[in-house]
Amino acid sequence: MPAIVLVGAQWGDEGKGKATDLLGDRVDYVVKFNGGNNAGHTVVVGGERYALHLLPSGILTPGCIPVIANGVVVDLSVLFSEIEALQGRGVDCSRLLVSANAHVIPSYNRTFDKVVERFLGSRRLGTTGRGIGPTYADKMNRVGVRIQDLFDEHILEQKVASALDQKNHLLVKVYNRRAIGAAEVVEDLLSYVDRLRPMVRDTGLELNRALDDDRVVLFEAGQATMLDVDHGTYPFVTSSNATSGGACTGSGIPPNRIDRVIAVVKAYTTRVGEGPFPTELHDADGERLRDVGGEYGVTTGRPRRCGWYDAVIARYAARVNGVTDFVLTKLDVLSGMERIPVCVGYDVDGVRHDEMPLTQTDFHHARPVYTYLDGWAEDISSARRFSDLPPNARAYVTALEQLSGARISVVGVGAERDASVVRHDLLG
Ligand code: GDP
Ligand code: IMO
Ligand code: MG
């Protein structure tokens, strides 16, 4: 079972980092194939908490080769500060590989991300302000700067100058800012070249060869299905393909090599930033989920919006990604609730929907149709086998499994690496 894709089923922060880490030493490569340092993954190992943004979660597993593939956008200052911080804590980062085709986030795109959000005012998306959207836009506009351009100073100067030619008009005339000089951008980018050089590879070639040799490769998505630029709640999405298809375009491995697709899904739902969210709670239950679940962004520290589990979204994620297994996380957060609502469909202006509505307008108007499941009072954080869970917790998992379109193979009961109930081996 060598090629495994791991995605988020909801709006991110499902616990993908922990799930990747759980597979840990049984995986030879962990590949980040989309997004950049907009991601925030918390991994807890032996009481130590690690917050990863740009580096793949596999960096924490000795022997595992972490790969930043072509579909990623790389902020070089973040890359090296994250590496330095981890090395300072004794984590070996020397195995990291970076694709020559990955795009870099030049400093001007961080500026644009923030300036545009401010300009939009109440119409803003609530981005992470890391320059992700402008950098993917440059990629599609064919004015992006790639990692490999840093090794040809002449080309780099040309590319930065021509990108800024257009951008400075916008900055000065539309956004009322100062123009940015090409020379300072080039100088900044070149300052990373010597440290970057040893990591840069044709990662598509390396990964295909690894699969030829029966190595286990895990493709780890940043963000999630509902934030995917094609399949999410556009325009309230990120600017990359966070669904399983993105693993192919984002890394250079073909679809027929993928053996398994794991989706991580929270036992309730959260979202950061703007956009529709049918099961969102604005009451004490929502605050309880935020407090007990520690639902504050790893990247921006923003409180996450919280709501009940939405099986329409889980089914949609199962279909779009071809999910073979769900990892259900944070079941422990629901302990102590008398009854737990689960959204099984939507009411859109009096019409029942069992699937995602056709239009965003309808999705904005979707009112959840709930079924109510009995809760449990016990602390479940020490459960390691399914039979250790109280009957109502087992019934909650089984009901979600029936509603969500794929088996639930792992249930998370705490943040620590081993705080999981494994029902089916994810690699078996
Ligand atoms: P990611 O972006 O998908 O990797 O998820 P985040 O790291 O942003 O958010 C998930 C949070 O939940 C982190 O703080 C994890 O340590 C924590 N977590 C993951 N799984 C569980 C679980 O089963 N129970 C609890 N209580 N916390 C968990
Ligand atoms: P992980 O990998 C949750 C959200 C932002 C914003 C929208 C666009 O930790 O699950 P962007 O900066 O990407 O242009 O912002 O997407 N967003 C995330 N929300 N988890 C993430 O990553 C996210 N990455 C981006 O809040 O609404
Ligand atoms: Mg996160």
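**Some words on a negative patch on the surface**
Move 1: Together, Asp283, Asp285, Glu287 and Asp291 make up a negatively charged patch on the protein surface.
Move 2: By the secondary structure assignment, Asp291 is in helix α10 (residues 284-293).

**Overview of the sheet that holds strand β11 (residues 260-266)**
Move 1: Read across the open sheet, the ten strands follow the order β9-β7-β5-β2-β10-β1-β11-β15-β19-β20; overall the sheet is mixed. Edge positions in the open sheet fall to β9 (200-201) and β20 (420-422), since each of these has one partner strand only.
Move 2: Taken together, the four bridges between strand β2 (residues 29-32) and strand β5 (residues 65-68) define a ladder with parallel strand orientation. Bridging from a neighbouring strand, Val30 pairs with Pro66 of β5.

**Focus: the coordination of the magnesium ion (ligand 3)**
Move 1: For the magnesium ion (ligand 3), every protein donor is listed as Asp13 (OD) and Gly40 (O), and the spread of their distances is 2.0 Å. Separated by 27 residues along the polypeptide, Asp13 in the loop between β1 (3-8) and α1 (16-23) and Gly40 in the loop between β2 and β3 (41-45) bring together distant segments of the chain.

**Some details on the packing of helix α3 (residues 107-120) against helix α4 (residues 132-141)**
Move 1: One can describe the packing of α3 onto α4 by two numbers: an axis separation of 7 Å at closest approach and a directional angle of 120°. Comparing the axis directions of α3 and α4 gives the class oblique. Our pair here, α3 against α4, has a crossing hand that is right-handed. Only Ile132, Pro134, Thr135 and Asp138 of α4 make contact with α3, whose side of the interface consists of Tyr108, Asn109, Phe112 and Asp113.

**A look at the domain arrangement of the protein chain**
Note on interface size: it is often stated as the accessible area lost on association of the parts.
Move 1: Each domain of the protein chain was delimited in the assignment, giving domain 1 (3-99 + 204-262), domain 2 (103-194) and domain 3 (265-422).
Move 2: Computed from C-alpha coordinates alone, the two centres of domain 1 and domain 3 are separated by 23 Å.
Move 3: Domain 1 puts 37 residues into the contact, and the matching count from domain 3 is 42 residues.
Move 4: Buried area between domain 1 and domain 3, both sides added, is near 3100 Å², and the carbon and sulfur share of it is 56%.
Move 5: By the criterion of area lost to domain 3, the three top residues of domain 1 are Gln10, Trp11 and Lys18, representing 22% of everything that side buries.
Move 6: Our count for the domain 1 to domain 3 interface comes out at three salt bridges.

Parameters and conventions
Residues numbered from 1 in each chain as written. Chains lettered and ligands numbered in written order. Predicted model: local features only at pLDDT ≥ 70, side-chain atom pairs only at ≥ 80, totals over all residues. Heavy atoms only, no water. Patch = residues over 30% accessible without salt bridge, like charges linked within 9 Å, V, L, I, M, F, W, Y side chains within 5 Å. Areas by Shrake-Rupley, 256 points an atom, 1.4 Å probe, with all protein chains shown as cover. Salt bridge = Lys/Arg side-chain N within 4 Å of Asp/Glu carboxyl O. Lys, Arg positive; Asp, Glu negative; His and termini not counted. Charge placed at Lys NZ, Arg CZ, Asp CG, Glu CD. Helix = DSSP H or I, 4+ residues; strand = E, 2+ residues; numbered from the N terminus. Pairing = 2+ DSSP bridges. Donors = N, O, S within 2.8 Å, 3.2 Å for Na, K, Ca; no water. Axes fitted to C-alpha atoms, helices over the stretch in contact; angles between N-to-C directions. Parallel < 35°, antiparallel > 145°, perpendicular 65-115°, else oblique. Left-handed = near helix turned anticlockwise from the far one by under 90°. Contact = heavy atoms within 4.5 Å. Domains from an automatic or database assignment. Buried area = accessible area lost by both parts, 1.4 Å probe.

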